[in-house]
Amino acid sequence: LRVEPTDKPEQLLTIQEAAEFLRLSVPTLYSKVSKGELPVMKRSKRLYFSSTELLEYIKDGRKKVKR
């Protein structure tokens, strides 16, 4: 009997963690947030990023390959 692995729970990342995740600088992230380019959640004065939504953001930038 094999048990299928369940999806990892969604992780919330701080701006520093999101910058590492996307391999971008923190100022670049702030710039993208202010332009509305990145999915972000705001609570009081802190920004939080969903690892799942950031992956979707990266995948959306994928170029379509003709076959």
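Predicted model only: the values in this text are computed from it and were never measured.

Enquirer: Can you lay out the pattern of salt bridges for me, pointing to particular residues and giving the numbers?
Expert: Counted according to the given criterion, the structure contains one salt bridge. Note that E37 and K32 form a salt bridge whose closest N and O atoms lie 3.1 Å from each other. Of the residues examined, E37 reaches a relative accessible area of 37% and is grouped as partly exposed. A relative accessible area of 19% places K32 in the buried class.

Enquirer: How would you explain the nonpolar core if you had to name every residue and give the values?
Expert: Counting residues in each nonpolar core, the largest one holds eleven residues, listed as L13, I15, A18, A19, L22, L29, V33, L38, L47, F49 and L54. Breaking this core down by element, the ones donating at least two residues are α1 (15-22), α2 (26-34) and β3 (46-50). If you tally residues by element for this core, the top one is α1, at four residues. Each residue touching V33, except ones within four places of it in the same chain, is listed here: L38, V40, L47 and F49.

Enquirer: Any details on the pairing of β3? Residues and values, ideally.
Expert: Here strand β1 (residues 12-13) runs beside β3; their pairing, made up of two bridges, is antiparallel. Residue pairing in the sheet places L12 in a bridge with S50 of β3. Summarising the sheet, strand β2 (residues 41-43) and β3 pair through three bridges and their orientation is antiparallel. Of the residues in β3, the one forming a bridge with M41 is Y48. A loop of two residues connects β2 with β3, the two strands running antiparallel in sequence, and S44 in this loop sits at a positive phi of about 50°.

Rules behind the numbers
- Every chain is numbered independently, its residues counted from 1 as its sequence is written.
- Totals for whole chains, interfaces and linings use every residue, but because this is a predicted model, local features are given only for residues with pLDDT of at least 70 and side-chain atom pairs only at 80 or more, for both listing and counting.
- Each side-chain value is worked out from all heavy atoms of the structure, with water and hydrogens disregarded.
- Here, a salt bridge means any Lys or Arg side-chain nitrogen found within 4 Å of an Asp or Glu carboxyl oxygen.
- Note on exposure labels: buried denotes an accessible area under 20% of the residue type's maximum, exposed denotes more than 50%, and partly exposed covers the range between, all computed with a 1.4 Å probe on protein chains only.
- Only buried residues count toward a nonpolar core. Its members are Ala, Val, Leu, Ile, Met, Phe, Trp, Tyr and Cys residues joined through side-chain atoms within 4.5 Å.
- Counting from the N terminus, the helices are the DSSP runs of H or I reaching at least four residues and the strands are the DSSP runs of E reaching at least two.
- The contact criterion used is simple: two residues touch if any of their non-hydrogen atoms lie within 4.5 Å.
- By definition, two strands form a pair when at least two bridges between them are found by DSSP.

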